[in-house]
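In case you want the letters, here they are:
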Amino acid sequence: MDFPHYTCVFTREASKLGYSPKNIQRCLEYAEVLFSHGVPVLYNPSQFALLVGYKKEYLQKAALYPNYFYRNFHITKKNGSKRLISEPLPSLKEIQLWILRNILYKVPVSAFAKAYKPTVSILENLKFHKKQPKVFTLDVENFFPSIKYDSIQKVFLQLGYSKMMSRLLTRLCSCNGALPQGACTSPYLSNLIFKEADAAISNFCMQRKIRYTRYADDLTFSGDFDENELLKHVTEIIERQNFRINGNKTKLMTPNSRQEVTGIIVNEKPQVVFHKRNDLRQALYYIKKFGFEEHLEYKEINHRNYLEHLLGKINFVLQINPRDMEFISYKSFLIDLKKKKDLKMTTVFPLLM
């Protein structure tokens, strides 16, 4: 529906409900801004509740008491420290998915942002940095937790939503005043909020013929440049946006060393780093030799979906190198194993009834 059609329908229906011409005009002025951004017209929480299929009272509780609507747990990072994951309950996740698909995905992000974009693969982030004299990577410290309530609300306000609706949408997408690591809306919101920094960094780089991409909190630069000048300028830009560079993860790589971008080697052709490939080789070797259940028991693996987890990692390797015959064979083996396990479950389950 285009805006002229919307205007006719809204005016007719609002007049039937007794809206004054002044109120109708005010509503249409509000709606026109939202139409111009291609996002849904949301007047109030009651209308929004009807669209997402939940009661207004439920939305208000989720917005006001978010800690009751998340399951918190920790995962271990590569350096041994813990990362807090806040996973929304299924009902809140469903509401967040509606916001993501109907509002956030309608807003374009920077062309230099390569993560969290539908239909864009990790290869988009790698192809710019192959066979370069220098590859320089920076990491934004505590990326999601650094994105606070006001920055999130600004996204919705700039689209034209009222303060009331922007507050509600922001609260449904945040927890404890920041982006929760685990909510489906957080990644794309981070792209939108970092858009201004992406623009400033890319302008600096293009003037100096430096290649720049960002994959989530990983900033990658390649070409021939003064890395100290670049680091100083980028640090100033992101600190103006209330972010910080993690100095422990700053890395300069030259052609005679392994040039690694988001876990992928880019010196010649893209390749998943050796230790990750080798970990998968070892896991498959032990599974084939001793059996799947025996491997889980010996390695004390409690991962409920470990088989699917392994398949995901192998699919990632094949996404980078689709013709890797070694990992094609691993994938085929695990798919056959999964079919046997699924068949066993369907055979045994009726006996347990």
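Residues numbered from 1 in each chain as written. Predicted model: local features only at pLDDT ≥ 70, side-chain atom pairs only at ≥ 80, totals over all residues. Heavy atoms only, no water.

S.K.: If you had to explain the confidence of the model for the protein to someone new, which residues and values would you point to?
M.R.: With 89% of its residues at a pLDDT of at least 70, the protein reaches an overall mean of 88. Of all helices and strands in the protein, the one with the weakest mean pLDDT is strand 7 (residues 260-261) (63), whereas helix 8 (residues 163-172) scores best (98). (pLDDT = per-residue confidence, 0-100. Helix = DSSP H or I, 4+ residues; strand = E, 2+ residues; numbered from the N terminus.)

S.K.: Just give me the short version of the pairing of strand 4 (residues 211-215), but keep the residues and values in it.
M.R.: Successive residues of a regular strand alternate their side chains across the two faces of the sheet. As judged from the five bridges shared by strand 4 and strand 5 (residues 218-223), these two strands associate in the antiparallel manner. Each bridged residue has a counterpart across the sheet, and for tyrosine 212 the counterpart in strand 5 is phenylalanine 221. The antiparallel hairpin formed by strand 4 and strand 5 contains two residues in its connecting segment, where alanine 216 sits at a positive phi of about 60 degrees. (Pairing = 2+ DSSP bridges.)

S.K.: Could you give me a rundown of the state of the cysteines, with the residues and numbers involved?
M.R.: Covalent bonding between the sulfur atoms of two cysteines defines a disulfide. Following the criterion strictly, the structure yields zero disulfides and no others. The thiol of cysteine 184 is not disulfide-bonded; the next cysteine sulfur, from cysteine 173, is found 7.9 Å away. (Disulfide = S-S within 2.5 Å.)

S.K.: Summarise the sheet that holds strand 6 (residues 251-253); cite the residues concerned and give the values.
M.R.: The strand order across the open sheet built from four strands is 4-5-3-6, with neighbouring strands paired in antiparallel fashion. Since the sheet does not close on itself, it has two edges, and those belong to strand 4 and strand 6, each with one partner. Strand-to-strand, the axes of this sheet are offset by a mean angle of 15 degrees, without reference to chain direction. Both strand 3 (residues 134-139) and strand 6 contribute to a ladder of three bridges, which runs antiparallel. (Axes fitted to C-alpha atoms, helices over the stretch in contact; angles between N-to-C directions.)

S.K.: Just give me the short version of the packing of aromatic side chains, but keep the residues and values in it.
M.R.: Enumeration over the complete set of coordinates arrives at 22 aromatic pairs. Ring geometry for tyrosine 30 and tyrosine 43: centres 5.6 Å apart, planes at 45 degrees, overall tilted. Of this pair, tyrosine 30 sits in helix 2 (residues 21-36) while tyrosine 43 sits in the loop between helix 2 and helix 3 (45-52), and the two are 13 residues apart along the sequence. Each member of the pair, tyrosine 30 as well as tyrosine 43, is classed as buried. (Phe/Tyr/Trp six-rings, centres within 6.5 Å; stacked < 30°, edge-to-face > 60°. Buried < 20%, exposed > 50% of the residue type's maximum accessible area, 1.4 Å probe, protein only.)

S.K.: Can you break down the environment of lysine 163 residue by residue, with the values?
M.R.: Structurally, lysine 163 is set in helix 8. Measuring from C-alpha to C-alpha, the distance between lysine 163 and glutamine 153 comes to 8.7 Å, with ten residues separating the pair along the chain. Other than its neighbours up to four places away in sequence, lysine 163 contacts Gln153 and Leu157. (Contact = heavy atoms within 4.5 Å.)

S.K.: Before we move on, can you summarise helix 12 (residues 274-290) with the specific residues and values?
M.R.: A rise of 1.5 Å per residue sets the reference length of helix 12, with its 17 residues, at 24 Å; its end C-alpha atoms lie 24 Å apart and thus fit the reference within 8%. Along helix 12, the positions that sit buried rather than exposed are Arg277, Leu280, Ala283, Leu284 and Ile287. Seen along its axis, helix 12 keeps its buried residues to an arc of 125 degrees; they face one direction. For helix 12, exposure combined with an orientation more than 90 degrees from the buried face picks out Phe274 and Lys289. (Expected span 1.5 Å × (residues − 1). Arc of directions from axis to C-beta.)

S.K.: Tell me about the nonpolar core, residues and numbers included.
M.R.: In terms of nonpolar packing, the biggest core is built from 71 residues, with Phe48, Ile99, Ile103, Leu104, Tyr161, Ile201 and Phe221 touching the most fellow members. Of all the elements, helix 2 adds the most residues to this core, at six residues. Looking at which domains feed residues into this core, each of domain 1 (1-37) and domain 2 (70-265) supplies at least three. Setting aside anything within four residues of it in sequence, one finds isoleucine 99 in contact with Phe48, Leu104, Phe156, Leu169, Leu172, Cys173 and Thr185. Grouped together as the second largest cluster of nonpolar side chains are 19 residues, Leu280, Leu296, Leu310 and Leu337 included. (Core = buried A, V, L, I, M, F, W, Y, C linked by side-chain atoms within 4.5 Å. Domains from an automatic or database assignment.)

S.K.: Break down the side chain of lysine 114 for me, with residues and values.
M.R.: Within the secondary structure, lysine 114 sits in the loop between helix 5 (90-102) and helix 6 (123-126). A polar side-chain atom of lysine 114 sits 2.8 Å from the main-chain carbonyl oxygen of alanine 111. (Polar contact = N/O pair within 3.5 Å; in protein donor to acceptor, adjacent residues only side chain to side chain.)

S.K.: Quick one: what's the story with the layout of surface pockets, residue by residue and with numbers?
M.R.: Estimates place the volume of the second largest pocket at around 420 Å³. If you trace the second largest pocket, you find 17 residues lining it, with Ser151, Lys154, Val155, Leu192 and Ile193 closest to the centre. Elements supplying a minimum of two residues to the lining of the second largest pocket: helix 7 (149-159), helix 9 (186-193) and helix 10 (195-207). By residue number, the principal contributor to the lining of the second largest pocket is helix 7, which donates five residues. A per-class count over the lining of the second largest pocket returns seven nonpolar, five polar and five charged. (1 Å grid on protein atoms, 1.4 Å probe; cavity = no way out; pocket = protein on both sides within 12 Å on 5 of 7 lines; lining within 4 Å. Points joined across faces, edges and corners; volume = space filled by probe spheres on them. Nonpolar A, V, L, I, M, F, W, Y, C, P; charged D, E, K, R; others polar.)

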